[in-house]
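# Structural description and commentary
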There are 2 protein chains.
Amino acid sequence: MRIGELGRTVGVDVETIRYYEREGLLPPPARAANGYRTYGPGHLERLAFIRHCRALDMPLAEIRRLLAFVARPDAACDDIDRLIDEQLARVRARLASMQALEQQLIGLRALCDSSHRAADCGILHELVAAAHGEACACHPPQG
Amino acid sequence: MRIGELGRTVGVDVETIRYYEREGLLPPPARAANGYRTYGPGHLERLAFIRHCRALDMPLAEIRRLLAFVARPDAACDDIDRLIDEQLARVRARLASMQALEQQLIGLRALCDSSHRAADCGILHELVAAAHGEACACHPPQG
DNA sequence: GCTGGACCCTGTTGTCGCTACAGGGTCAAG
DNA sequence: CTTGACCCTGTAGCGACAACAGGGTCCAGC
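Residues numbered from 1 in each chain as written. Chains lettered and ligands numbered in written order. Predicted model: local features only at pLDDT ≥ 70, side-chain atom pairs only at ≥ 80, totals over all residues. Heavy atoms only, no water.

Turning to the protein's contact with DNA strand D, a few remarks are in order. Of all residues adjacent to DNA strand D, which total 18 residues, the nearest are Tyr 20 and Tyr 36 of chain A together with Gly 4, Arg 18 and Arg 37 of chain B. Within 4 Å of the protein, the atoms of DNA strand D are drawn from sugar and phosphate moieties in a proportion of 76%. At 2.9 Å, a side-chain N or O of Tyr 36 of chain A approaches a base nitrogen of DNA strand D. Arg 54 of chain A has a polar side-chain atom sitting 3.1 Å from a phosphate oxygen of DNA strand D. Top contributing element to the surface near DNA strand D by residue count: helix 2 (residues 14-22) of chain A, with 4 residues. (Near = heavy atom within 4 Å. Polar contact = N/O pair within 3.5 Å; in protein donor to acceptor, adjacent residues only side chain to side chain. Helix = DSSP H or I, 4+ residues; strand = E, 2+ residues; numbered from the N terminus.)

Take a look at the structure:
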């Protein structure tokens, strides 16, 4: 199996596969006489594993840690739990800040809903007022 | 006003201010005899505007567009509305995908909650199963 | 035999929004 | 006269790729 077929099968770009190899996430495959990379089912499985973890938005460093657990099945799995918990905490923190951001944008959008000149635009006024340090819908006094 | 005072006042790192100047977001200030940058109230206002927009997670390219509107107050503000709408759409799309991700991680976490060997870890099994293309809690059949 | 196009290779550079140096200059206080 | 805070330019790094440049390889069709 060559790199193109592997990429199509797993749904990963060819350049990304080579990148994972450079980064040590995927072991270097055998080479054909012409220098082409030749992959086996083990590579396919490992790449699919990486892709799945990436779909869960895990950074490559954490995937590396997980791959180490796959290789050592006798280790305690407390660390795996902790890894997922950390990941969940990060996602939730990011979620909260994005929800706040959504509210700010909704407030800003409500200030302008008809067609007029930029000079009278509530959105622009609000942003400029913020620049003056005045109270604004985006950054109310309570923080 | 020198760069350090400007940075402290607005709450922007000194290196970031120089970066904004390089990127053309902030006009090059006058220089003192010793070469130090010398800022006036106009710079302060503009930098605060940028900072506020960045707090709304706008990419620098969009802030550039907004700054162009501030400079031309007679332009129609439809584009400003559209810009905020686009921003809101991006935030909401990201929000939806992060909520899905949170659910996937919760499902994954539920598979393992006691101390045992990695070989028996439900999380690891699930991730490996995903690598085999089998149905999994993270990527259920309906997509 | 020869050409076109799909595929493969290595290596470098670009993306975004900073951040962190390295290696120097300037200035006021002690 | 030295210390330390501040300033300068320029370059490299981050994460996770994407997008080339500039080549080699292979197979089908004419």
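Bringing the side chain of Gln 87 of chain A into the picture now. Summarising the element assignment, Gln 87 of chain A is placed in helix 5 (residues 78-109). Aside from chain neighbours lying at most four places away, what touches Gln 87 of chain A is Leu 56, Asp 57, Met 58, Pro 59 and Glu 62 of chain A together with Leu 105 of chain B. (Contact = heavy atoms within 4.5 Å.)

With that settled, the discussion passes to the relation of the copies chain B and chain A. Here chain B sits on chain A after a turn of 179° about the axis and a move of 0.0 Å along it, with an RMSD of 0.4 Å. Look at the turn and shift together and you get a two-fold axis relating the two. Of every C-alpha in chain B, the one belonging to Leu 95 of chain B sits nearest the axis of rotation, 3.1 Å from it. Interface overlap between copies is the fraction of interface residues in one copy that are interface residues in the other; for chain B against chain A it reaches 100%, indicating a shared surface. (Least-squares fit on C-alpha atoms with pLDDT ≥ 70 in both.)

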